[in-house]
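Descriptive analysis of the structure
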Amino acid sequence: MPEETLSHPYLLSSEDLNYDDILKIFKKAKYFMDNIQSVKKFDDLKGVTVGLAFFESSTRTKLSFELSAKRLSADVFSFQSSSSSLSKGESLLDTLRTIEAMEVQVFIVRHQNSGVPVFLQKNTSGIVINAGDGKHEHPTQALLDAFTLHRRFKKIDGLKVCIIGDILHSRVARSNVNTLKTLGAELAFCSPGTLLPRELNVWNVNIIDELDDAVDWADVVMVLRLQRERMDSGLIPSVKEFSKYYGITFKHFTKKPELVLLHPGPVNYGIELDYLLSSYPNVLIQTQVKHGVFIRMALLSLLAKNLGH
Amino acid sequence: MPEETLSHPYLLSSEDLNYDDILKIFKKAKYFMDNIQSVKKFDDLKGVTVGLAFFESSTRTKLSFELSAKRLSADVFSFQSSSSSLSKGESLLDTLRTIEAMEVQVFIVRHQNSGVPVFLQKNTSGIVINAGDGKHEHPTQALLDAFTLHRRFKKIDGLKVCIIGDILHSRVARSNVNTLKTLGAELAFCSPGTLLPRELNVWNVNIIDELDDAVDWADVVMVLRLQRERMDSGLIPSVKEFSKYYGITFKHFTKKPELVLLHPGPVNYGIELDYLLSSYPNVLIQTQVKHGVFIRMALLSLLAKNLGH
Amino acid sequence: MPEETLSHPYLLSSEDLNYDDILKIFKKAKYFMDNIQSVKKFDDLKGVTVGLAFFESSTRTKLSFELSAKRLSADVFSFQSSSSSLSKGESLLDTLRTIEAMEVQVFIVRHQNSGVPVFLQKNTSGIVINAGDGKHEHPTQALLDAFTLHRRFKKIDGLKVCIIGDILHSRVARSNVNTLKTLGAELAFCSPGTLLPRELNVWNVNIIDELDDAVDWADVVMVLRLQRERMDSGLIPSVKEFSKYYGITFKHFTKKPELVLLHPGPVNYGIELDYLLSSYPNVLIQTQVKHGVFIRMALLSLLAKNLGH
């Protein structure tokens, strides 16, 4: 293993990253952030081709990866099912093998089905990065969230983070729990019972019933997006009801001004978060987006060392 | 203000450009045109990310901006509503802020609604360039038209330019009137009354009723595209009737061979212009397209000096 | 003619390439293949803009050209009818002229109608490469197939190649017959009579009725894709029947293990080819894809010498 690379030559799940891996990524992300103004364009992925395979639509994550790869001088191409041979009945695996034969070495995959990135990694010698798979994982989101907290609080060990909203269906929550625990944070969930994961003993996370108590307890609230398809699924009585009991408003920050808020975006303003909060200093949504690019540059740079390149 | 930059760090309207600005842009465009064969690729936008936000479909303008930015070594990405979070209910402003957080410094915007570029510029510290907004403005089209005339006639001061066709709905006409007046041209409109703008006294432009008289008077005719949606709007009796009275044919060039013709494209051949004219030497449509790339390179290069880059 | 360029400054048909041209392309492709790991990125097309005009959908061919051009440092843009002015009624020719005016020098064209690349080449001073037109030609596929055989057998002169399946509608077959004959191969067809071309005397190719006899005779079988639209066209009794008589299975390789198989992809596994064969060593489908990138790099590099660039 080259000195500066990660434990695994891919990123499929937050569990692929140990404490040292995460710190290496943070260090490299900081390096890129500090030097991008002067260096402008890095050469870490020069001659490397990165394929963006987003089978599920996405603006911010896809763009973040695209810009990250380009700022490292990679060649980037986008591959979507609509413009692909998938309509000709070609299987996902055949498509992977075809693209791989063209010397594409890095695959960034988002798919509505859990497990697709793992399946693809088993069948390629390239590097697969999970950009969100079903309800399973979104490990780079967890990395950028943790990096944002790391820069804000200097250390994450002992930090109290409460995740609020639809935990059950959230790949963001799943990845964040793993990554934040690896870094020593204390975790809690605050959610309607119908949106809590089933096997809570496996998660080993505190449950806080009332939002006010959650805010009291937490240094950080991580507010999840309420997916549209959940809004009329019967799992919540109504959006209005959900918003009343689990939406964050100025009232919470008045009570606890030092509270820090993260949200993976895009935000449903007026549902999980009051629009007036969008520019409140401790609401770090834009900072998360900004950090996302540097985290992904760091990840790509460290993983590319496995290409013998 | 750096020595070589423009009066404003954006281009939202033709009114943002004074005489000196326009001449600076022309000079820089000429420089790029003279040196592209030998230099091949310029570094003016190296490390700068340019976002193309074309909410209204476009081939030539979008491609022209894309190639301009790439020939200056920018990273370019395209952002369209169909592939975006807009379908998830994210507002235009949230999207702008998200993209901006990823260190995208230049936004090139086309939108069916007038005023969108101004709105976006008010909410970003990046550079917004208007690539056409509703019936309002299309300032880079006016620049490339004026540059084409400047190169043909050496000077524009005193040049007689008659704009023909649907002035009322044309952002091209609006921008051209401003830019050409700034450069000292004398302007006229020749159009069915139903397609003339309402407040003609504000425009301070000659009105010429008959096309033959317009050709007699003008050094240059600028023929506008008749939009399909106008064709059966009741504003003209019929396409055939419009074409008979306002379409340019060989007859006009037989009468006045030195007449110069511009058209912003794409042309409805057989309606506003006879197809046989497409290769007539004084019909400068291809030259306009060619100049468009250099004008946009010049604009991007001059505006990018505001990035402290 | 510069020393190292090809007989024609375009590639519209396999007939444009003589023996020396093909060998020049192979030599250059080998050079790129041998050096890509160390050089990473070549400069042959720096400052050149390549337009991909794929009017017919495609994954592998389009991507192969895109990556080839980018690995030579070209600027690449994609042009498709759906996102174009074609919906505004602009003709193909006007579009070509517009794009050409923006100093786009290379056009890679796929179109459902035979003859479109020839038509475009007649109207541009740029370089047109045919990436598949109707039932006419797909010359780069033939080049990469021949290169694959050349590398496998060292020489193609005297090699026995049998093309199997729907010859009648196949541009791949047509181009391969020309290219392989130029290189001295002996050709045969094995196909249902309804899927054989009409004027067999013009083709001057052996006809083998039974697949077993074809396998006996051939050093190489080139299996064509059975197009979906053919499956219920009445030209074959049924897909099952076609597969029974013309599908390649392990049985054929058991009988003749040294047989080499090519397929242009994407494969209909279970119809023209048994899925178990996808990883059989003499089934060179992935190798073809890999070689496709280097062949297209070679072609672009050699043709670009005509740009006086």
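A quick note: this is a predicted structure, and the numbers were derived from the prediction, not measured.

Time to look at the interface of chain B and chain C. Reports of interface size often rely on the accessible area that becomes lost once the parts have come together. At the interface, 23 residues of chain B touch 23 residues of chain C. Both faces considered, chain B and chain C share a buried interface measuring about 2,200 Å² in area, 52% of it formed by carbon and sulfur atoms. Together, B:K40, B:T59 and B:R71 form the three largest contributors to the area buried by chain B at its contact with chain C, with a combined 23%. Counting every contact that joins chain B to chain C gives two salt bridges.

Residue and element names in this part refer to chain A. In this model, chain A carries an average pLDDT of 92, and 95% of its residues clear a pLDDT of 70 or more. A low-confidence stretch, residues 82–89 (pLDDT under 50), is modelled with 16 contacts involving residues beyond four sequence positions or located in other chains. Scoring the predicted complex yields pTM 0.93 and, for the interface, ipTM 0.89.

A separate point is the pattern of salt bridges. As enumerated under the stated definition, the model contains 18 salt bridges over all chains in all. Across the pair A:K290 and B:E103 runs a salt bridge, and its minimum N-O distance is 3.7 Å. One end of the pair, A:K290, is in helix 12 (residues 285–304); the other, B:E103, is in the loop between helix 3 (92–101) and strand 3 (106–111), on a second chain. Residue B:E103 is classed as buried on the basis of its relative accessible area, which comes to 19%. We note a salt bridge from B:K255 to B:D216, for which the minimum N-O separation is 3.4 Å. Taken together, the positions of B:K255 in helix 11 (residues 250–255) and B:D216 in helix 8 (residues 211–217) put the pair 39 residues apart, joining distant regions of the chain. When its relative accessible area of 48% is taken as the criterion, B:D216 is described as partly exposed.

This next bit is on the relation of the copies chain B and chain C. Superposing chain B onto chain C requires a rotation of 120 degrees together with a translation of 0.0 Å along the rotation axis, leaving an RMSD of 0.0 Å. Both copies are brought into coincidence by an operation consistent with a three-fold rotation axis.

Inspection of every chain in the model, using the stated rule, returns 30 aromatic pairs over all chains. Ring geometry for B:F250 against B:Y280: centres 5.7 Å apart, planes inclined by 90 degrees, an arrangement best described as edge-to-face. Linking B:F250 in helix 11 with B:Y280 in the loop between strand 9 (260–262) and helix 12 (285–304), this pair joins segments that are 30 residues apart in sequence. Using a relative accessible area of 33% as the deciding quantity, one classes B:F250 as partly exposed. These aromatic residues form a ring-pair network of at least three members: A:Y31, A:F32 and A:F42. Lying over the aromatic face of B:F65, B:R296 brings its terminal NZ or CZ to 4.7 Å of the ring centre.

Before going further, it helps to examine the sheet that holds strand 2 (residues 75–79) of chain C. Residue and element names in this part refer to chain C. Judged by pairing direction, the sheet is parallel, and its four strands sit side by side in the order 2-1-3-4 without closing on themselves. Every interior strand has two partners, whereas the edge strands, strand 2 and strand 4 (127–133), have only one. Each strand axis lies, on average, 15 degrees off the axis of its neighbour in the sheet, ignoring direction. Relative to strand 2, strand 1 (residues 49–54) is paired through five bridges, and the arrangement is parallel. Its bridge partner being in strand 2, V50 is matched across the sheet by V76. Packing of helix 12 (residues 285–304) onto the sheet brings it into contact with strand 3 (106–111) and strand 4, and relative to strand 4 it is tilted by some 150 degrees.

Further remarks concern the interface of chain C and chain A. Every contact between the two is made by 23 residues of chain C and, on the other side, 22 residues of chain A. For the pair chain C and chain A, the summed buried area comes to about 2,200 Å², and 52% of that belongs to carbon and sulfur atoms. When the buried surface of chain C facing chain A is broken down by residue, C:K40, C:T59 and C:R71 rank first, second and third, together holding 24% of it. A salt bridge links C:K41 to A:D75, with the nearest nitrogen and oxygen atoms 2.4 Å apart. One can count six residue pairs in polar contact (both at pLDDT 80 or more) joining chain C with chain A. Where the side of chain C that touches chain A is concerned, the elements lending two or more residues are helix 2 (60–71) and helix 12 of chain C. Broken down by class, the residue content of the side of chain C that touches chain A amounts to eight nonpolar, six polar and nine charged.

Residue and element names in this part refer to chain A. Per the domain assignment, the segments of chain A are domain 1 (14–137 + 289–307) and domain 2 (139–285). Using only C-alpha atoms to locate each centre, domain 1 and domain 2 end up separated by 26 Å. Each partner contributes to the interface: domain 1 provides 31 residues, whereas domain 2 provides 23 residues. The junction of domain 1 with domain 2 conceals about 2,400 Å² of combined surface from both sides, 65% of it contributed by carbon and sulfur atoms. Counting the contacts that link domain 1 with domain 2 gives one salt bridge. Linking R171 and E56 is a salt bridge whose minimum nitrogen-to-oxygen distance equals 2.8 Å. At the junction of domain 1 with domain 2, the criterion picks out 10 residue pairs in polar contact (both at pLDDT 80 or more). Elements with a minimum of two residues in the side of domain 1 that touches domain 2: helix 1 (19–39), helix 2 (60–71), strand 3 (106–111), strand 4 (127–133) and helix 12. Of the residues forming the side of domain 1 that touches domain 2, the biggest block, eight residues, is contributed by helix 1. Partitioned by chemical class, the residues of the side of domain 1 that touches domain 2 number 13 nonpolar, nine polar and nine charged.

About the criteria used
- Within each chain, residue numbers correspond to sequence positions counted from 1 in written order.
- The lettering of chains begins at A and the numbering of ligands begins at 1, in the order of writing.
- At least 70 in pLDDT is required for a residue's local features to be given in this predicted model, at least 80 for side-chain atom pairs to be given and counted, and no such filter applies to totals for whole chains, interfaces and linings, which use all residues.
- Where side-chain values are given, they derive from all heavy atoms of the structure, hydrogens and water being excluded.
- In what follows, a contact means two residues having at least one pair of non-hydrogen atoms within 4.5 Å.
- Note: buried area is the sum, over both parts, of the accessible area (probe 1.4 Å) each one loses when the two are combined.
- Note on definitions: salt bridges are taken to be side-chain nitrogens of Lys or Arg within 4 Å of carboxyl oxygens of Asp or Glu.
- What pLDDT expresses is the predictor's confidence in each residue, scored from 0 to 100.
- Runs of E in the DSSP output that reach at least two residues are strands. Runs of H or I that reach at least four are helices, and both are numbered from the N terminus.
- Remark: exposure states derive from per-residue accessible area (1.4 Å probe, protein chains only) relative to the maximum for the residue type, with buried under 20%, exposed over 50%, and partly exposed in between.
- Least-squares fitting of one copy onto the other uses the C-alpha atoms of those residues that reach a pLDDT of at least 70 in both copies.
- Centres within 6.5 Å are what make two rings of Phe, Tyr or Trp a pair, Trp counting through its six-membered ring; a difference in plane orientation under 30 degrees is then read as stacked, over 60 as edge-to-face, and the rest as tilted.
- Over a ring means this: the NZ of a Lys or the CZ of an Arg is within 6 Å of the ring centre and within 35 degrees of the ring normal.
- Any two strands with at least two DSSP-identified bridges between them are counted as paired.
- Think of each axis as a best-fit line through the C-alpha atoms, taken over the contacting stretch in the case of a helix, with angles from 0 to 180 degrees between the N-to-C directions.
- Think of a polar contact as two N or O atoms within 3.5 Å of one another; within protein, one of them needs to be a possible hydrogen donor and the other a possible acceptor, and neighboring residues in sequence only count if both atoms come from side chains.
- All residues other than Ala, Val, Leu, Ile, Met, Phe, Trp, Tyr, Cys, Pro, Asp, Glu, Lys and Arg, Gly among them, are scored as polar; the first ten of these are nonpolar and the last four charged.
- Residue ranges assigned to each domain were obtained from an automatic or database domain assignment.

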